[in-house]
Amino acid sequence: MSEQIKVIKIGGNIVDNPEALARFVSDFAAMPGRKILVHGGGKEATRLSSRLEIPTTMIEGRRVTSRETLDVVTMVYAGLVNKRIVSMLQAAGCNAIGLSGADGNAIRATRRPAAPIDYGYVGDIAPEGVNTHLLGSLLDAGFVPVFCAITHDGAGTLLNCNADTIASSVAIGASRLAPTDLIYCFEQPGVMEDIERSDSLIPLITPDTYASLRQSGVVNKGMIPKLDNSFRAIDAGVRSVIIKHAANLLTDVGTVLKN
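Residues numbered from 1 in each chain as written. Predicted model: local features only at pLDDT ≥ 70, side-chain atom pairs only at ≥ 80, totals over all residues. Heavy atoms only, no water.

Q: Describe the overall build of the protein, with residues and values.
A: A count of helices and strands for the protein gives 8 helices and 14 strands. In terms of overall size, the protein behaves like a compact globule, its C-alpha atoms giving a radius of gyration of 18 Å where 259 residues would be expected to give roughly 18 Å. When burial is assessed residue by residue, the protein has 47% of its 259 residues classed as buried. Long-range pairs, those at least 24 residues apart, make up 70% of the contacts in the protein with a sequence separation of at least 6. When the accessible surface of the protein is summed, it comes to about 12100 Å², and 52% of that surface belongs to carbon and sulfur atoms. Separation of charge centres in the protein, based on 25 positive and 26 negative side chains, amounts to 2 Å. (Helix = DSSP H or I, 4+ residues; strand = E, 2+ residues; numbered from the N terminus. Rg over C-alpha atoms; globule rule 2.2 N^0.38 Å. Buried < 20%, exposed > 50% of the residue type's maximum accessible area, 1.4 Å probe, protein only. Contact = heavy atoms within 4.5 Å. Areas by Shrake-Rupley, 256 points an atom, 1.4 Å probe, with all protein chains shown as cover. Lys, Arg positive; Asp, Glu negative; His and termini not counted. Charge placed at Lys NZ, Arg CZ, Asp CG, Glu CD.)

As structure tokens, then:
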């Protein structure tokens, strides 16, 4: 059996916090074995858009990516944020290589249809959209791929994608190479029975327990699509999905999702 692969995703709560990012980079570099990092963009794109007087439009919490906004998010996600993280990992002794989906045809997407809501230059990734051969070649060569949330359509157009979806898609692609675990680093230690109680972490969720947690209302609102996507990844071949706080990256503290 090939050496297992871990795919770790971090978001704005880490990217926007220099101290948290420095700690995460140190912990990530110390993780043994083959690994892939996926990061969001944080607030940098919104700040740069404001400086350039490009309006930021959000619909249901999602950024509408106009042509001007696409330029900004590409500069920030694939440029500033990605290379900042890669340089920090190099300083920590981790031989990282920064990538967008266009590099090496790593991740191909299709532009989301304009109906019912036109999100602009936003991409959706098909199950076969991840270049598994490239992932294997990079990992075998000793590189640690670091993906931003910019992909391409194969016809010369870049597309903005959801970073959680990038992580899930990459993990599914990696699972064709070796047993793969997907780790989402969120703001909480994991899925909590009561967000106000730090001792209410749910250590394991299966499809059966997930159904009862939804029915009881313990899991609701924004966590539902995250967990739905997690179980879809498991159904598509990912061994497990782990939800935890980035500060617990090297510990067993977190919620494990598995069949």
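From this point, the narrative continues.
Q: Let's hear about helix α2 (residues 18-30): which residues, and what values?
A: With 13 residues, α2 should cover 18 Å at 1.5 Å per step; its first-to-last C-alpha distance of 18 Å lies within 8% of that length. Those residues of α2 that sit buried are Leu21, Phe24, Val25, Asp27 and Phe28. Of the surrounding elements, those touching the buried residues of α2 are β1 (5-10), α1 (12-15), β2 (34-39), α4 (67-91), β8 (144-147) and β11 (180-186). If you check the start of α2, you find a side-chain oxygen 3.1 Å away from the backbone N of Glu19, and it comes from Asn17. (Expected span 1.5 Å × (residues − 1). Polar contact = N/O pair within 3.5 Å; in protein donor to acceptor, adjacent residues only side chain to side chain.)

Q: Describe the sheet that holds strand β14 (residues 255-257), with residues and values.
A: Here 8 strands make up an open sheet; going across it, the order is β5-β8-β2-β1-β11-β13-β14-β12 and the pairing mixed. The strands lining the two open edges of the sheet, one partner per strand, are β5 (96-99) and β12 (204-205). Bridge analysis of strand β13 (residues 240-245) against β14 gives 3 bridges, and the strand direction is antiparallel. Residue Val241 lies in a different strand from β14, and its bridge partner there is Leu257. Here helix α8 (residues 223-235) sits on the sheet and contacts β11, β12, β13 and β14; the angle it forms with β13, its principal contact strand, is near 145°. (Pairing = 2+ DSSP bridges. Axes fitted to C-alpha atoms, helices over the stretch in contact; angles between N-to-C directions.)

Q: So what about the packing of helix α3 (residues 44-51) against α4? Which residues, and what values?
A: Helices that pack against each other are described as a pair by the angle of their axes relative to one another and the distance between those axes. Where α3 contacts α4, the two axes come as close as 9 Å, and the packing angle between them is 130°. Judged on the interaxial angle alone, α4 and α3 are oblique. α4 is crossed by α3, and the crossing has right-handed handedness. Residues Glu44, Ala45, Leu48 and Ser49 of α3 lie in contact with α4, whose contacting residues are Val72, Val73, Met75, Val76, Tyr77, Leu80, Val81 and Arg84. (Parallel < 35°, antiparallel > 145°, perpendicular 65-115°, else oblique. Left-handed = near helix turned anticlockwise from the far one by under 90°.)

Q: An account of helix α5 (residues 132-140) is requested, with residue identities and associated values reported.
A: Listed as buried for α5 are Thr132, Leu134, Leu135, Gly136, Leu138 and Leu139. The inward-facing, buried residues of α5 contact β1, β2, β5, β7 (123-130), β8 and α6 (163-174). Just downstream of α5, Gly142 is the residue with a positive phi angle, here 90°.

Q: Describe the pattern of salt bridges, naming the residues involved and giving the relevant values.
A: Overall, the coordinates contain 11 salt bridges when judged by the stated rule. The salt bridge involving Lys226 is made with Asp164; its shortest N-O contact spans 3.3 Å. Here the residue Lys226 occupies a position in helix α8, and Asp164 occupies one in helix α6, the gap between them amounting to 62 residues. Classification of Lys226 as partly exposed rests on a relative accessible area of 29%. When its relative accessible area of 15% is taken as the criterion, Asp164 is described as buried. A salt bridge links Asp181 to Arg239; the shortest N-O distance between them is 2.7 Å. Taken as a pair, Asp181 in strand β11 and Arg239 in the loop between α8 and β13 lie far apart in primary sequence, 58 residues in all. Among the charged side chains, a salt-bridge network with shared partners connects Asp16, Glu44, Arg47 and Arg84. (Salt bridge = Lys/Arg side-chain N within 4 Å of Asp/Glu carboxyl O.)

Q: I'd like a description of the packing of aromatic side chains, backed by residues and values.
A: Going through the model one piece at a time under the given rule, you end up with 3 aromatic pairs. Arranged with centres 5.7 Å apart and planes meeting at 25°, the rings of Phe24 and Phe28 form a pair that is stacked. Highlighted residues: Phe24 and Phe28, both in helix α2, separated by 4 residues, approximately one helical turn. The two residues Phe24 and Phe28 agree in class, both being buried. Ring geometry for Tyr210 and Phe231: centres 5.4 Å apart, planes at 25°, overall stacked. Of the two residues, Tyr210 is situated in helix α7 (residues 207-216) and Phe231 in helix α8; the sequence distance between them amounts to 21 residues. The pair formed by Tyr210 and Phe231 is uniform in burial state, with each residue classed as buried. Sitting over the face of the ring of Phe28, Lys35 holds its NZ or CZ atom 5.0 Å from the ring centroid. In this structure, Arg67 packs its charged tip against the face of Tyr121, placed 4.4 Å from the ring centre. (Phe/Tyr/Trp six-rings, centres within 6.5 Å; stacked < 30°, edge-to-face > 60°. Lys NZ or Arg CZ within 6 Å of the ring centre and 35° of its normal.)

Fair warning: the whole summary comes from geometry, so function is off the table for now.
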